[in-house]
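An overview of the molecular structure
So the chains spell out like this:
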Amino acid sequence: MCNESKLYRTCRCGGVMTIHMHTLIYKAKVKISRVPVFMCRTCFQYEPHPAVKRDLSLMIQNLGSNPEITSLSFIERNEWASVLNDTFNGFQGEDHDLEQAVQQAMSARIDLLLDLFRIASEAADPVWMGEIESRLLKLISHTASKVS
Ligand SMILES: [Zn+2]
């Protein structure tokens, strides 16, 4: 099983690609901000992170061929991107500590969602519970892929 959530990879040019939050422009019109991408430190090529490609293409499909919106924030649609964004905002350490910082932020977010889920279930609100559950499942799939 491939590790979908990793933070580094090797570029075609042999350089090291690291993760960044990037603004992508769709159809020269729609700004999609805070998309996790891999960017090469040597040749500055970048590509959407494999773990977000699916959500990103869904988002673009929903925009259609003549989008009316001009800006979107990807972290509102993707839980993992949102955790990454939070981590980068408060991160002051070295690159090699980043992985651990992301892990910590991930477990903090999972704890938060579990608390919310408990509140939703006490409120007997099935729609809210379902929404939290799907956010949790997306995050857990990222953490699980870390182990393999
Ligand atoms: Zn490169």
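Everything below is about the structure printed above this text.
Summary of the structure given here. Predicted model, so just to flag it, every value in this text is computed and none were measured.

With respect to the side chain of arginine 109
- Note on placement: arginine 109 falls in helix 3 (residues 98–122).
- For arginine 109, the side chain forms a polar contact with the side chain of glutamate 79, separated by 2.8 Å.
- In contact with arginine 109, other than residues within four places in its own chain, are Glu79, Ser82, Val83, Asp86, Arg135 and Leu139.

A word on the environment of valine 52
- Note on placement: valine 52 falls in the loop between strand 4 (46–48) and helix 1 (53–63).
- For valine 52, a relative accessible area of 0% corresponds to the buried category.
- On a C-alpha basis, the gap between valine 52 and phenylalanine 74 in space is 9.6 Å, while along the polypeptide they are 22 residues apart.
- In contact with valine 52, not counting residues within four places along its chain, are Val35, Pro36, Phe74, Asn78 and Trp80.

Considering the coordination of the zinc ion
- Taken together, Cys11 (SG), Cys13 (SG), Cys40 (SG) and Cys43 (SG) make up the protein donors of the zinc ion, found 2.3 to 2.4 Å from the metal.
- Viewed at the metal, the four donor atoms of the zinc ion are separated by angles of 105 to 118°, and the geometry they form is tetrahedral.
- Going along the chain, you hit the donors of the zinc ion in the pattern C-x1-C-x26-C-x2-C. Taken as a pair, cysteine 11 in the loop between strand 1 (8–10) and strand 2 (16–26) and cysteine 43 in the loop between strand 3 (30–40) and strand 4 lie far apart in primary sequence, 32 residues in all.

Side note on the pairing of strand 2
- Both strand 1 and strand 2 contribute to a ladder of three bridges, which runs antiparallel. Within the sheet, the bridge partner assigned to arginine 9 lies in strand 2 and is methionine 17.
- The turn linking strand 1 back onto strand 2 is made up of five residues, and glycine 14 within it adopts a positive phi angle of 95°.
- In terms of strand pairing, strand 2 meets strand 3 through nine bridges, oriented antiparallel. Bridge pairing in strand 3 links methionine 21 to proline 36.
- In sequence, strand 2 turns back onto strand 3 through a hairpin of three residues, with lysine 27 there showing a positive phi of about 55°.

Some thoughts on the pattern of salt bridges
- Throughout the structure, instances matching the rule amount to five salt bridges.
- For the salt bridge of glutamate 79 with arginine 109, the shortest nitrogen-to-oxygen distance reads 2.8 Å. Highlighted residues: glutamate 79 in helix 2 (residues 79–90) and arginine 109 in helix 3, separated in sequence by 30 residues.
- When the shortest N-O distance is used, the salt bridge between glutamate 79 and arginine 135 registers 2.7 Å. Note that glutamate 79 is positioned in helix 2 and arginine 135 in helix 4 (residues 126–147), a separation of 56 residues in sequence.
- The class of glutamate 79 is buried, set by a relative accessible area of 9%.
- Relative accessible area serves as the criterion here: at 27%, arginine 135 is assigned to the partly exposed category.
- Through salt bridges with shared partners, a single ionic network connects Glu79, Asp86, Arg109 and Arg135.

Rules used in this analysis
- Residues numbered from 1 in each chain as written.
- Predicted model: local features only at pLDDT ≥ 70, side-chain atom pairs only at ≥ 80, totals over all residues.
- Heavy atoms only, no water.
- Helix = DSSP H or I, 4+ residues; strand = E, 2+ residues; numbered from the N terminus.
- Polar contact = N/O pair within 3.5 Å; in protein donor to acceptor, adjacent residues only side chain to side chain.
- Contact = heavy atoms within 4.5 Å.
- Buried < 20%, exposed > 50% of the residue type's maximum accessible area, 1.4 Å probe, protein only.
- Donors = N, O, S within 2.8 Å, 3.2 Å for Na, K, Ca; no water.
- Tetrahedral: all angles 85-135°; square planar, octahedral: opposite > 155°, others 65-115°.
- Pairing = 2+ DSSP bridges.
- Salt bridge = Lys/Arg side-chain N within 4 Å of Asp/Glu carboxyl O.

Nothing here speaks to function; it is all geometry.
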